Structures are given as structure tokens and as C-alpha cells.
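Examining the three-dimensional arrangement
Read off the chains here:
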Amino acid sequence: MVRLLLMSDTHLPKRARELPERLLAELPRADVVFHAGDWVDTATLDLLESRSRRLVGVYGNNDGPELRARLPESAHVELDGLRFGVVHETGPAQGREARCAARFPDLDVLVFGHSHIPWDTTAPSGLRLLNPGSPTDRRRQPHCTYLTATVTDGTLKDLVLHRLPPR
């Protein structure tokens with residue numbers, strides 16, 4: 001079993017001064033941490049690199065040259081037989097499943113961000129699309145959020161959307 005922690009759009013220190021304690025408490029439990037971009041500061045990347053067993057991250061549209069020099073625009077990783085991809089933006093919600101299935105035909109799961117809106121759908125091709133929302137900037141959502149899940153025998157299981165209390 002591989003334990004996953006998924007986050008995006010941390011926007012530190014613009015939207016919050018630090019990551020929520022509840023999210024930080026998940027780091028030692030996760031085998032792999034995904035971050036789908038819009039870190040904004042390099043300190044958050046440094047923190048996650050130092051506390052994560054394995055970090056898979058990409059840069060977002062709000063990330064400057066320092067982060068873009070250290071992170072790719074998209075990342076791919078296979079975990080226990082399941083093929084993951086990570087990107088920041090996937091475009092408008094309408095048509096997202098078909099667009100992403102065409103763009104990423106060799107993936108089983110695509111983790112993305114940008115909208116700050118939690119998302120969990122499956123394209124007709126079988127591609128699972130996951131957006132963990134944001135743990136620091138809820139925008140028009142009722143809660144700040146992140147996701148946890150497990151991978152066992154090539155299957156994504158135990159997906160939980162965690163709602164954080166107001167700051």
C-alpha cells in the first residue's frame with residue numbers, strides 16, 4: 001500500500017503565512033506527496049522536500065523563475081502499477097474529462113489544481129481527474145481542502161477530501 005497526500009495552490013505567503021498544522025501532520029504518514037502548483041514561495045517547496053519521503057510537484061501560473069527552475073510543468077510517476085500525472089491547469093470545467101483524456105492517454109490518474117475547487121471525476125477513457133482544492137485559499141468554496149488516498153495493487157482507494165477549519 002502506498003499512502004498519498006495531494007495538495008495544490010498553497011499560495012504562501014500571499015494567501016496564508018504557513019501551511020495548516022493538520023496538513024503538516026499528514027506529511028509523515030504519506031509515502032508520496034503531490035503538489036499541483038502555485039506554491040508562490042520557494043520556502044514551501046523546501047519545507048515539503050525536507051519533510052516528504054517523496055515529493056512530486058509542478059509549477060503553476062503564479063510561480064516565478066526560481067520555482068520554474070526547480071519544478072517541471074508536468075510530472076509523471078508510476079506507483080504500485082498506477083500511472084499518475086500532475087499539472088497545474090486543465091482549462092475550463094466544461095469538457096475537462098475529454099480534453100485531459102486526449103492530452104494524457106497513458107495515465108490512470110491526473111492530479112491538477114488552479115481552480116481551488118475540489119474535483120473528482122472519471123473520463124469515459126477511465127482517466128481519473130483529481131483536484132485537491134487549496135489548503136490555504138478557499139476562494140468561493142466553503143472550506144480549504146486537501147486529499148489523501150492509498151494505492152493498492154494498482155487501484156486508487158480510500159480517497160478522502162479533508163476540510164480544514166477556518167483560519
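Now for a description of the structure that goes with this document. Note that the coordinates shown come from a computational prediction; the quantities given were computed from them, not determined experimentally.

As for the overall build of the protein chain
Along the protein chain, the regular secondary structure elements total four helices and ten strands. Dimensions of the protein chain, computed from the C-alpha atoms along their principal axes, are close to 40 × 35 × 35 Å. Here the protein chain, with 167 residues, has 51% of them falling under the buried criterion. The long-range share in the protein chain, meaning contacts at least 24 apart out of those at least 6 apart in sequence, stands at 55%. Put simply, the protein chain has 22 plus and 22 minus side-chain charges, and the middle of one group is 5 Å from the middle of the other.

Side note on the pattern of salt bridges
The tally for this structure, following the rule as stated, stands at nine salt bridges. The closest approach of N and O atoms between aspartate 31 and arginine 3, which form a salt bridge, is 3.3 Å. In this pair, aspartate 31 is assigned in the loop between helix H1 (21-26) and strand E2 (32-35) and arginine 3 in strand E1 (residues 2-7), connecting sequence segments 28 residues apart. Given the relative accessible area of 34%, arginine 3 is considered partly exposed. Arginine 83 is the salt-bridge partner of aspartate 108, the closest N and O atoms lying 2.9 Å from each other. Of this pair, aspartate 108 sits in the loop between helix H4 (96-103) and strand E6 (109-111) while arginine 83 sits in strand E5 (residues 82-86); the two residues are 25 residues apart in sequence, bridging distant segments of the chain.

Some remarks on the sheet that holds E5
Where strands meet in a sheet, backbone hydrogen bonds hold them as pairs that are either parallel or antiparallel. Pairing is mixed in the open sheet, where five strands are placed in the order E4-E5-E6-E8-E7. Lying at the two open borders of the sheet, with one neighbouring strand each, are strand E4 (75-79) and strand E7 (119-122). Here the strands of the sheet are splayed against their neighbours by 20 degrees on average, with no regard to which way each runs. The pairing of E6 with strand E8 (residues 128-131) spans three bridges and is parallel.

A closer look at the pairing of E4
Of the two faces of E4, only one is covered, namely that formed by Ala75, Val77 and Leu79; the face formed by His76 and Glu78 stays uncovered. Where E4 meets E5, five bridges bridge the pair, whose relative direction is antiparallel. Residue pairing in the sheet places leucine 79 in a bridge with leucine 82 of E5.

Structural notes on the sheet that holds strand E10 (residues 155-164)
With mixed pairing, five strands are arranged side by side in an open sheet as E3-E2-E1-E9-E10. Either end of the sheet is taken by a strand with one partner, and the two such strands are strand E3 (55-57) and E10. Geometrically, the sheet is characterised by an average inter-axis angle of 20 degrees between neighbouring strands, direction not taken into account. For E2 and E3, the ladder comprises three bridges, and the chain directions are parallel. In the sheet register, valine 33 faces E3, and the bridge partner there is leucine 55.

Some words on the side chain of histidine 11
Structurally, histidine 11 can be placed in the loop between E1 and H1. You can call histidine 11 buried: its relative accessible area is 4%. For histidine 11, the contacting residues outside a window of four places in its chain are Ala16, Asp38, Trp39, Val40, Asn62, His116 and Thr136.

Let's talk about helix H2 (residues 42-51)
Side chains that are three or four residues apart share a direction in an α-helix, a result of its 3.6 residues per turn. Every buried residue of H2 is listed here: Thr44, Leu45 and Leu48. Within H2, the buried residues cover an arc of 100 degrees as seen down the axis, which keeps them to one side. For H2, the elements touching its buried residues are E1, E2, E3 and helix H3 (65-70).

A closer look at the side chain of threonine 44
Summarising the element assignment, threonine 44 is placed in helix H2. Look past the residues within four positions of threonine 44 in its chain and what remains in contact with it is Thr10, Leu12, Leu19 and Trp39.

Structural notes on the nonpolar core
Of all hydrophobic cores here, the largest spans 21 residues; its most connected members are Leu4, Phe34, Phe84, Val111 and Leu156. Mapped onto this core, the elements with two or more residues apiece are E1, E2, E4, E5, E6 and strand E9 (144-152). Within the second largest apolar cluster, 19 residues are counted, among which are Leu5, Leu12, Ala30 and Leu45.

Basis of the calculations
- Residues numbered from 1 in each chain as written.
- Predicted model: local features only at pLDDT ≥ 70, side-chain atom pairs only at ≥ 80, totals over all residues.
- Heavy atoms only, no water.
- Helix = DSSP H or I, 4+ residues; strand = E, 2+ residues; numbered from the N terminus.
- Buried < 20%, exposed > 50% of the residue type's maximum accessible area, 1.4 Å probe, protein only.
- Contact = heavy atoms within 4.5 Å.
- Lys, Arg positive; Asp, Glu negative; His and termini not counted.
- Charge placed at Lys NZ, Arg CZ, Asp CG, Glu CD.
- Salt bridge = Lys/Arg side-chain N within 4 Å of Asp/Glu carboxyl O.
- Pairing = 2+ DSSP bridges.
- Axes fitted to C-alpha atoms, helices over the stretch in contact; angles between N-to-C directions.
- Arc of directions from axis to C-beta.
- Core = buried A, V, L, I, M, F, W, Y, C linked by side-chain atoms within 4.5 Å.

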